[in-house]
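Structural overview for review
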Amino acid sequence: MEVKRSMKRPKIKSIGYEEFNDNEYLENMAKELNTNGTNVVIGALDDAVNWGRSNSLWPLTFATSCCGIEYMAVGAARYDFARFGFEVTRASPRQADFIMVAGTITDKMAPVLKRLYDQMADPKYVIAIGACAISGGPFKKSYHVVNGVDKILPVDVYVPGCPPRPEAMLYGIIQLQRKVKAEKFFGGVNRQVKKDSK
């Protein structure tokens, strides 16, 4: 007699689907998670933990140039990212969940940024804000600028612009929230945490 296990399929819950222009990477992530399924109890715990994690992501205070001014505007009264659960901006990487890399990363700054990322606890995330962080921007052919933060850190969300509007930064943060909600916490290993290959 074969016992059939109850399976729970993760789904992306958030604001309306049509509000986002590019949902493909989240759909692919959910499809990958759905191939094996999850135990009902574990899946319900995943939903509860990921709801809490996605609504209390704490950013690391990190900005190197003009995108930092826009980042400050997102935290100010008009845009107020506190209503999404991001108001606890941390000065210590040991207390932060993600880095919003806002601005130009020079070759001299790259090792410092990598050290900050390494000091963060897993799971950790990176949002690249603006043309300079994504590709080097107007300084792309300079001798002293890193042509994209993805050369030194794994980037989860890109927010283009020079500098991007505060609304675009909120969009990027909400995309990160949606990604966290779709992850497996108990039922699997998150992308950043590697399994032992022994």
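Before any of the text, the structure's been laid out above.
Keep in mind it's a predicted model, so treat the numbers as computed, not measured. Numbering of residues starts from 1 in every chain and runs along the sequence as written. pLDDT decides what is reported in this predicted model: residues at 70 or higher carry local features, side-chain atom pairs at 80 or more are listed and counted, and totals for whole chains, interfaces and linings draw on all residues regardless. Hydrogens and water molecules were not included; the side-chain quantities draw on all heavy atoms of the structure.

**Observations regarding the overall build of the protein chain**
Working definition: helices are DSSP H or I runs of at least four residues, strands are E runs of at least two. Numbering for both runs from the N terminus. A tally of regular secondary structure across the protein chain gives 6 helices and 6 strands. For the protein chain, the N- to C-terminal ordering of α and β elements is β-α-β-α-β-α-β-α-β-α-β-α. For the protein chain, the residues scored as buried account for 40% of the 198 residues in total. Contacts are residue-level and defined by heavy atoms, with any inter-residue pair within 4.5 Å sufficient. At a minimum sequence separation of 6, the contacts of the protein chain that also span at least 24 residues come to 79%. The Shrake-Rupley method, run with a 1.4 Å probe sphere, supplies the accessible areas, and residue values consider only the shown protein chains as cover. With an accessible surface of roughly 11,200 Å², the protein chain has 56% of that area assigned to carbon and sulfur atoms. Buried, partly exposed and exposed residues are distinguished by accessible area as a fraction of the type maximum, computed with a 1.4 Å probe on protein chains only: under 20%, between the cut-offs, and over 50%, respectively.

**Focus on the nonpolar core**
Soluble, globular proteins show a tendency: their nonpolar side chains are buried together. Here, nonpolar core means buried Ala, Val, Leu, Ile, Met, Phe, Trp, Tyr and Cys residues that are tied together by side-chain atoms lying within 4.5 Å of each other. In this structure, Leu57, Phe81, Phe98, Met100, Ile127, Ile129 and Leu176 are the most contacted members of the largest nonpolar core, which totals 20 residues. Of all elements in the fold, only α3 (67-75), β4 (98-102), β5 (125-129), β6 (157-159) and α6 (166-182) reach the threshold of two or more residues within this core. A total of 5 residues in this core trace back to one element, the largest contributor, which is α6. If near-sequence neighbours (up to four positions away) are discounted, Leu176 is found in contact with Leu57, Phe98, Tyr125, Ile127, Asp156 and Val157. Phe62, Leu116, Ala128 and Ala133 belong to the second-largest nonpolar core, a separate cluster that totals 18 residues.

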